[in-house]
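Next come the chains, spelled out residue by residue.
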Amino acid sequence: MKKLLLLMMYVAVLPMNAQTLTLEDCKQLAHDNYPTVKQYHLVEQTRDFTIENASKAWLPQISASVNGLAFTNVLDLTDQMKQAGVDMKNWLVAGSVMINQNIYDGGQVKANKNIAAAQAEVQKHQLNVNMYDLNQRVEQLYFGVLTLDEQIRQTELLQNDLALSNKTITSMISEGVANQTDLDAVKVEQVKAQQTLDAQKTSRASYLQMIGVFIGKKLGEGMVLQKPAMADVINNTDNRPEIDYYKSQGILLDAQRKQLDTKLLPKLSAFGMGVYHTSVTDMMNNGLLAGGLTLSWNIGALYTRKNDIKNIETQRRIIDSQRETFLFNNSLQNENTNGNISTLRRQISQDDDIVGLRERIRSKSEKKVKLGTESINEMLRDINAVSQARQQKALHEIQLLKEIYSLKTINNN
């Protein structure tokens, strides 16, 4: 956390045209800026509220009621009873307060708390999966900029070669061994190179703008993205957040299975009650207190228990199938990416030979032009061939880095 704060202060204070960002910096900033990250706190709050509410089932439950009743004569009073002063009313107003205290609930409260905690873990791991997908999006943009950086560098090298050719041809014109048409041919290539350079710089600015949206910072054209170092990758998918997501789903199903057992157990509670009412007859007291124990046992859960268990096991098989599918696809990605890495390593080795050969051909071509045994167009063709060979090698090097870090992302290491 301290490292992250220092990084954010660094990004906020320094002018953008003097900054350098790494791939890990971009990933971390993108994670912190992504709207989904706010859901982690909301998931934790929901879990805490639900668990707290479940715990309150152990608090005394208090209820109060007021009733008004009217009824026919309950007793037929004899003359002797009436003479004795016994009177009977046919209406009653009563108020009561009742307190229930849970003593044993068969583990229902504990099961509800475990389910709330397990559901929160599932939601958090689902968020981790969603956030992990963000890494690939950031990587694509990051290596897009690095690719354009290499293309820009190679185009600038081409411009330097063409500028040198322009100078050479100008000198040859003054010596009478070349003409304006030869110089115009070089200038055409220079204009085309400038057009390519402008397009590359525009694309780079667009990529930086998209990265800036992800990390929540405005990146100027002077922003430098560091080229990541070559890294070793271990093919191991155990670190992927999807694995923890599937595990958390299994834990939730276990909690739901245990909750089914609690529904079959009896419940024991204590109660206390106080009643105050108007007298129906003078022989009755106006108030009374009562207390006792209540043992209840609802066997209705037996009717659906078999299907409930089957439903949980079906969901477990679905999760296992999803996990196997993920591992299968991940294995395919590993195989494909490792194959791409091997191919690119061979191509880069071959690129070195091609660049060396093209440079020797261009060098001889320049000498032939000075001797008048080769045309300017042939020399320009060789210069462009050298530039294309260099660009191809640079592109393969960036692609190799991209594949290596894609493999790291696939295996989360």
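For the structure, check the block above.
Residues numbered from 1 in each chain as written. Predicted model: local features only at pLDDT ≥ 70, side-chain atom pairs only at ≥ 80, totals over all residues. Heavy atoms only, no water.

Chemist: Can you break down the overall build of the protein residue by residue, with the values?
Modeler: Across its full length, the protein holds nine helices and six strands. Per-residue burial over the protein gives 35% buried out of 413 residues. (Helix = DSSP H or I, 4+ residues; strand = E, 2+ residues; numbered from the N terminus. Buried < 20%, exposed > 50% of the residue type's maximum accessible area, 1.4 Å probe, protein only.)

Chemist: Quick rundown of a positive patch on the surface? Include the residues and the values.
Modeler: The grouping of Arg360, Lys364, Lys367, Lys368 and Lys370 at the surface amounts to a positive patch. Residue position: Arg360 is located in helix α8 (residues 301-371). (Patch = residues over 30% accessible without salt bridge, like charges linked within 9 Å, V, L, I, M, F, W, Y side chains within 5 Å. Areas by Shrake-Rupley, 256 points an atom, 1.4 Å probe, with all protein chains shown as cover. Salt bridge = Lys/Arg side-chain N within 4 Å of Asp/Glu carboxyl O. Lys, Arg positive; Asp, Glu negative; His and termini not counted. Charge placed at Lys NZ, Arg CZ, Asp CG, Glu CD.)

Chemist: Provide a residue-level description of empty space enclosed by the protein, including the pertinent values.
Modeler: Summed over all chains, the structure comprises one cavity of 30 Å³ or more. Along its surface, the largest cavity is lined by Leu260, Lys263, Leu264, Ala301, Arg305 and Asp308. For the lining of the largest cavity, the element with the highest residue contribution is α8, accounting for three residues. The residue makeup of the lining of the largest cavity, split by class, is three nonpolar, no polar and three charged. (1 Å grid on protein atoms, 1.4 Å probe; cavity = no way out; pocket = protein on both sides within 12 Å on 5 of 7 lines; lining within 4 Å. Points joined across faces, edges and corners; volume = space filled by probe spheres on them. Nonpolar A, V, L, I, M, F, W, Y, C, P; charged D, E, K, R; others polar.)

Chemist: Describe helix α9 (residues 376-411), with residues and values.
Modeler: Here α9 contains 36 residues, and its C-alpha end-to-end distance of 53 Å stays within 8% of the 52 Å for a straight helix at 1.5 Å per residue. Of the residues one or two after α9, Asn412 is the one with positive phi, at around 55°. (Expected span 1.5 Å × (residues − 1).)

Chemist: Talk me through the pattern of salt bridges; I want residue IDs and the actual numbers.
Modeler: One pass over the full model with this rule turns up 17 salt bridges. A salt bridge links Lys192 to Glu189; the shortest N-O distance between them is 3.7 Å. Linking Lys192 with Glu189, this pair stays in helix α6 (residues 180-215), spanning three residues, or about one helical turn. Here Lys192 falls in the partly exposed class, since its relative accessible area comes to 43%. Using a relative accessible area of 16% as the deciding quantity, one classes Glu189 as buried.

Take it as geometry only, folks, not as evidence of what the structure does.
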